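Descriptive structure summary
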Amino acid sequence: MSPSLPTIQPEDEARADQVRGGSYHAPEAVDWHPALFDYLLRLGDESLILGQRLTEWCGHAPTLEIDLSLANIGLDLIGQATLFLNLAGEVENAGRDGDKLAFHRDVLAFRNCLLVEQPNGDFAQTIARQFLFSTYQLALFEGLVASSEPRVAEIAAKAVKEVQYHAELSADWVIRLGDGTDESRRRMIEGLDWFWRFVDEMFEMDALEQELAAAGIAVDRTRLRRDFDVRVQQVLREATLPLPEYPRAITGGRTGHHSEHLGHLLATMQFLPRTYPDAVW
Amino acid sequence: MSHDWPLWEVFIRSRGGLGHKHVGSVHAPDSELAVRHARDIYTRRLEGISIWVMRSSDIVASDPEQAGPMFEPAESKVYRHPTFYDIPEIVKHI
């Protein structure tokens with residue numbers, strides 16, 4: 001029998017049974033690495049995909065000033081993605097780094113929520129997405145600063161100040177467009193309507209994250225929801241905008257069930273490193 | 001769109017103890033967004049720790065036509081420069 005192909009022997013099975021049914025006092029060693037790897041992909045991918053989306057505005061924004069504002073936010077997000085995905089590569093320990101994970105993974109392996117992959121639309125739609133995402137991400141990172149995994153806590157501590165600015169800037173624009181002209185108000189309402197069905201997914205917990213949260217590594221997303229709702233209501237009130245009911249949510253991004261938009265985004269983003277794998281700056 | 005927005009002059013303080021220095025201008029619909037735009041354009045490379053903005057239209061400037069009477073009289077007043085006395089060796093910083 002080839003030694004490179006592991007097989008389960010009867011004695012292995014017997015040992016596994018003993019561990020499961022073992023003494024209450026014998027702590028079972030848990031290997032967090034696979035779950036942590038997946039969690040880091042979720043964190044890294046949502047920053048990466050939204051960062052990539054924002055770069056589409058480069059050279060196309062309504063004014064030069066806004067062009068730079070959006071590019072700055074995009075760069076912050078890509079910086080976060082680099083840190084999270086490099087750490088994911090370390091945790092996976094299979095020779096992949098952040099670049100490899102960003103540019104050489106197929107669409108079904110991406111773990112971002114659906115909101116970030118949605119198209120930019122007009123400026124109001126982009127601002128609606130940014131406001132909802134940054135408000136959520138700020139709450140998330142404020143929680144992750146206290147993660148029991150120090151490398152995650154460190155990235156969150158660096159990113160939280162960036163995200164605070166993104167949340168403030170996008171809220172400022174929601175207020176100005178909502179409480180602006182008839183046209184800007186109409187576009188802001190349409191922009192928020194587009195993204196409303198993707199909000200619930202950001203706060204969704206599954207078994208993987210529940211386990212990580214119980215270990216203090218991840219944040220329980222359901223606990224972030226109240227602060228998020230309060231902040232969104234506050235900004236929409238100031239923007240004189242109606243608060244829509246949340247429709248039935250569309251979810252699945254974090255387990256790889258994406259909308260058709262992500263494949264197109266990745267085709268643009270991954271084309272060069274996939275065509276010229278040895279290309280360097 | 002930007003031609004509808006007023007112009008704002010931007011001043012940045014680069015370090016504590018220094019004055020705010022004029023660095024350029026931005027278009028923005030109001031003062032708060034002018035500060036944000038100034039931050040996004042002029043402090044991307046750690047250029048500053050404080051930003052002032054003011055409406056360009058609020059600046060009162062000297063008249064270039066009057067440059068002669070305004071500035072030339074100072075040209076012949078070299079005695080206004082503090083260079084007509086010796087500094088004692090003991091004084092290190094002046």
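All values derive from a computational prediction rather than experimental measurement. (Residues numbered from 1 in each chain as written. Chains lettered and ligands numbered in written order. Predicted model: local features only at pLDDT ≥ 70, side-chain atom pairs only at ≥ 80, totals over all residues.)

1. Notes on the nonpolar core
With 67 residues, the main nonpolar core has Leu40, Phe84, Ala88, Leu115, Ile127 and Val174 of chain A as its most contacted residues. Contributions of two or more residues to this core are made by helix H2 (33-55), helix H3 (64-92), helix H4 (98-103), helix H5 (123-144), helix H6 (150-178), helix H7 (182-196), helix H8 (199-202) and helix H11 (260-275) of chain A. When residues no more than four places from it in sequence are discounted, the contact partners of Val174 of chain A are Ile127, Phe131, Met188, Val235 and Ala239 of chain A. Listed in part, the 10 residues of the second largest apolar core include Ile12, Leu33, Ile51 and Val53 of chain B. (Core = buried A, V, L, I, M, F, W, Y, C linked by C-beta atoms within 7 Å. Buried ≥ 20, exposed ≤ 12 C-beta atoms within 10 Å, placed from the backbone. Helix = DSSP H or I, 4+ residues; strand = E, 2+ residues; numbered from the N terminus. Contact = placed C-beta atoms within 7 Å.)

2. Comments concerning the packing of H5 of chain A against H6 of chain A
To describe two helices that pack against each other, one gives the angle between their axes and the distance between the axes. One way to put it is that H5 of chain A packs onto H6 of chain A with a least axis distance of 7 Å and a crossing angle of 145 degrees. Relative to H6 of chain A, the crossing made by H5 of chain A is left-handed. (Axes fitted to C-alpha atoms, helices over the stretch in contact; angles between N-to-C directions. Left-handed = near helix turned anticlockwise from the far one by under 90°.)

3. Focus: the sheet that holds strand S2 (residues 21-27) of chain B
Residues and elements named next belong to chain B. The 3 strands are arranged S2-S1-S3 in an open sheet whose pairing can be described as antiparallel. Looking at strand neighbours, the two that pair on one side only are S2 and strand S3 (50-55), the edges of this open sheet. For this sheet, the mean inter-axis angle between neighbouring strands, taken without regard to orientation, is 30 degrees. Direction of pairing for strand S1 (residues 7-13) relative to S3: antiparallel, over a ladder of 6 bridges. Its bridge partner being in S3, Trp8 is matched across the sheet by Arg55. (Pairing = 2+ DSSP bridges.)

4. Concerning the packing of H2 of chain A against H3 of chain A
All names here are of chain A. Contact pair H2 / H3: the axes reach a minimum separation of 7 Å and the direction vectors enclose 160 degrees. By the angle between their axes, H2 is roughly antiparallel relative to H3. Viewed along their axes, H2 and H3 form a crossing whose handedness is left-handed. In terms of residue class, the contact of H2 with H3 is built from 19 nonpolar, 7 polar and 1 charged. (Parallel < 35°, antiparallel > 145°, perpendicular 65-115°, else oblique. Nonpolar A, V, L, I, M, F, W, Y, C, P; charged D, E, K, R; others polar.)

5. Some details on the interface of chain A and chain B
Taken together, the contact between chain A and chain B spans 9 residues of the former and 13 residues of the latter. Per element, the largest residue contribution to the side of chain A that touches chain B is 4 residues, and it comes from H3 of chain A. Of the residues in the side of chain A that touches chain B, the class split is 3 nonpolar, 3 polar and 3 charged.

6. What about unusual backbone geometry?
Residue and element names in this part refer to chain A. Positive phi outside glycine occurs at Asn93, with the angle close to 60 degrees. Although it is not a glycine, Thr240 adopts a positive phi angle of roughly 55 degrees. Its place among the elements puts Thr240 in the loop between helix H10 (225-238) and H11. On the basis of neighbour count, Thr240 is assigned to the exposed category, with 11 C-beta atoms found within 10 Å.

7. A short note on the environment of Asn120 of chain A
With respect to the helices, strands and loops of the structure, Asn120 of chain A is situated in the loop between H4 and H5. C-alpha of Asn120 of chain A to C-alpha of Leu54 of chain A: the two residues are 66 residues apart in sequence and 7.7 Å apart in space.

8. So, H10 of chain A
In this model, H10 of chain A (14 residues) spans 20 Å end to end at C-alpha, consistent with the 20 Å of a helix rising 1.5 Å per residue. Looking one or two residues beyond H10 of chain A, the residue adopting positive phi is Thr240 of chain A, at roughly 55 degrees. (Expected span 1.5 Å × (residues − 1).)

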